[in-house]
Amino acid sequence: MKKIFLNTLLLFAAFTAFSQTNQGEIVEEEIELPDVTTVVNGKTFTAGKDSVPDYTKILPESSAPQVQLPEMEGIKTQKNLPENTNRASEKSKDIYAEGELGAGYPFYFKGDFSIYRASGNSPFEIDFNHESAEGFAGEKSKEGYFARNTSVRGKKSFFGEYGKHSLEAEYKMSDDGLQLNSDAYSDMVKHTIWGKAGSDWETDRGLLISYGADAAWFNRYGEVMKDSTTSGDYLDSTKILDLNPYIGAGWKGYGFKAMFTTFYEFQANLDKSDNLYKAEDSSSAESSHRAKFDLDLSWQNDFLELGAEGALIVGSEIGSKDVVPAFTLKTDFKTESFTDDRFITIALRGGLDSYQSKIRELENKYKFAALPAIPTETTDWFAKIDLTVPVLTSFEAKGGLEFRKTAFGNGIWTANYSRSSLISILNGSGTSGIYAIRPEDRTEFDTYLGFYADFSSLKAGAEWKSFWNDVPALEDAQKIKLSLEYQTLDAKWNLGTSTAIAFGKNADSCPDISGWAGVRLAPALSLAFEVNDVIKLFSGKSRDYAHSDYISTSGNAVLLVKFQF
């Protein structure tokens, strides 16, 4: 564990150094400029009123359009942190940092740190995250009641006159104790190393070129208990490599866009050759090959976007068909609200969706579960509607529905957390305590409703999510969530609460009630206190993970120090 932590810190430091741009200084004459002021608001940076000297007295006015500098996408915001409104007096700088550090009861630790440049021609972001819980729900850590997660992620973008180039990399590790449910293993450890590089070009005449690739290495293994008998197959260890390049070309102009892209996907077993099993309708247990030829057409104006996408898929894991077709028809429409200047939006999607899941994606998504084989194709007929309706100036309503039904017998790969799906130890007696991830046909129909109110200092929300037929493994048939938050006008402190109630088969009828409060001690420093799943915390009772034999880490009280500078 120490080696992992040290390697993580070294990677973090190396990426920070790489992201800095060496800037030489050339001084020909002294020029006196006024102090630069920067206004900071949620990682979007703009020059202050007096940032730039007035050159209009010595230079003629120009009619050339101003250039809008690009901004980094995906910058996260801190939870439960009072909004900072007192940053306007800071001098200009282009690199910022934020984070939170805290601990709680039962033994809980959290540390999140980000360093980033959000604007300009060379933005970057580096994130370090660690979270661990030990001995939760009144149980002992040495008996497998622990969960530890660590990740480091870096993103770097480069903008040129005609192109955008990006690099991303991530390392993440998880270690989940098996809570005395296994006769062979004490915990499951997973490591993922992922990287991505790509370029997008657009010429003055609308020619588009896009190319790139992502690759990943995934390793999962179980810590074998002393004097235990194991299966000697994928349960002991899985090592998988996947590689996914793509290249595309197209044209954009007069509201139209056409793009043809070819994708290739490869997954391979790097462990011993007999480690995995051959899936039904698969050509190999050791590797998979998949190619997708995709044509995407669209047209849009200020209020309407119409699109059609079609693809042909070939490969070694696509099921009983030689070629799998896929297509999507889409419409996005917006119009001004009857009550204010916001927009009513409607998004429609429908067609035949087809994809192949990665082993790393599935095993990181479903805890306490493992894949016996490289996944085959998942194909669904689907339809989806999303609607947003602003009301007056303080209210907003959102709604949506989605339908999915398995096509061509290509079911979805998912964990089944019933006891009948626990994997037996082949070379001995007892159970592994690990659930199987297998393909299942599905007919899903789910709906979503949300109502939100924003009265400046006071915010409230109500959400209702429903699955009316098949229910996904990590969901409840019905779930209602209510939230309320208050923040003072001067942003010095805030407090809030949320309640989630689940209904349906095997649902925990005990509501999940949580609360938080925060106070800003200085312009860049705040203190926050969170209590999660209050009833479970004070009763000492547990909350099941996905209705399985395992329990989750819910029920804790945490004190956090948060900073921005």
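Rules and cut-offs
- Residues numbered from 1 in each chain as written.
- Predicted model: local features only at pLDDT ≥ 70, side-chain atom pairs only at ≥ 80, totals over all residues.
- Heavy atoms only, no water.
- Helix = DSSP H or I, 4+ residues; strand = E, 2+ residues; numbered from the N terminus.
- Buried < 20%, exposed > 50% of the residue type's maximum accessible area, 1.4 Å probe, protein only.
- Polar contact = N/O pair within 3.5 Å; in protein donor to acceptor, adjacent residues only side chain to side chain.
- Contact = heavy atoms within 4.5 Å.
- Salt bridge = Lys/Arg side-chain N within 4 Å of Asp/Glu carboxyl O.
- Core = buried A, V, L, I, M, F, W, Y, C linked by side-chain atoms within 4.5 Å.
- 1 Å grid on protein atoms, 1.4 Å probe; cavity = no way out; pocket = protein on both sides within 12 Å on 5 of 7 lines; lining within 4 Å.
- Points joined across faces, edges and corners; volume = space filled by probe spheres on them.
- Nonpolar A, V, L, I, M, F, W, Y, C, P; charged D, E, K, R; others polar.

Visitor: Quick question: what am I supposed to make of the side chain of Glu-377 here?
Guide: Inspection of the secondary structure assignment puts Glu-377 in strand S17 (residues 377-391). Glu-377 gets classed as buried once you look at its relative accessible area, which sits at 1%. In terms of polar contacts, Glu-377 uses its side chain to reach the side chain of Arg-290, at 2.7 Å. When residues no more than four places from it in sequence are discounted, the contact partners of Glu-377 are Arg-290, Ile-313, Glu-317, Ile-318, Ser-354, Tyr-355, Gln-356, Asn-410 and Gly-411.

Visitor: Please explain the pattern of salt bridges as it appears in this structure.
Guide: Opposite charge on two side chains allows them to pair when their charged atoms are near. Applying the stated criterion to the full structure yields 29 salt bridges. Its salt-bridge partner being Glu-363, residue Arg-220 comes within 2.8 Å of it at the nearest N-O pair. Of the two residues, Arg-220 sits in strand S9 (residues 207-224) while Glu-363 sits in helix H2 (residues 359-365), which places them 143 residues apart along the sequence. Each of Asp-353, Asp-380, Glu-402, Arg-404, Arg-442 and Glu-444 takes part in a single network of salt bridges with overlapping partners.

Visitor: For this particular structure, what's the right way to read the nonpolar core?
Guide: Soluble, globular proteins show a tendency: their nonpolar side chains are buried together. One finds Leu-235, Tyr-366, Ala-369, Tyr-417, Ile-434 and Ile-437 to be the most contacted residues of the largest nonpolar core, which totals 32 residues. At the level of elements, strand S8 (185-202), H2, strand S16 (369-370), strand S19 (412-415) and strand S21 (431-440) are the ones that each hand at least two residues to this core. Here this core takes four residues from S21, the largest share from any one element. In terms of nonpolar packing, the next biggest core, distinct from the first, is built from nine residues, Phe-136, Tyr-145, Ile-551 and Val-558 among them.

Visitor: Hey, could you run me through the layout of surface pockets in this one?
Guide: To locate leftover empty space, one rolls a probe as large as a water molecule over the atoms. Roughly 840 Å³ of volume is contained in the second largest pocket. Around the second largest pocket sit 31 residues that line it, and Ala-415, Val-471, Pro-472, Ala-473 and Leu-474 are the ones nearest its centre. Counting residues per element, the ones that place at least two in the lining of the second largest pocket are H2 and S19. The biggest single contributor to the lining of the second largest pocket is S19, with four residues. Looking at the lining of the second largest pocket residue by residue, the class counts come to 14 nonpolar, seven polar and ten charged.

Just geometry here; none of it tells us what the structure is for.
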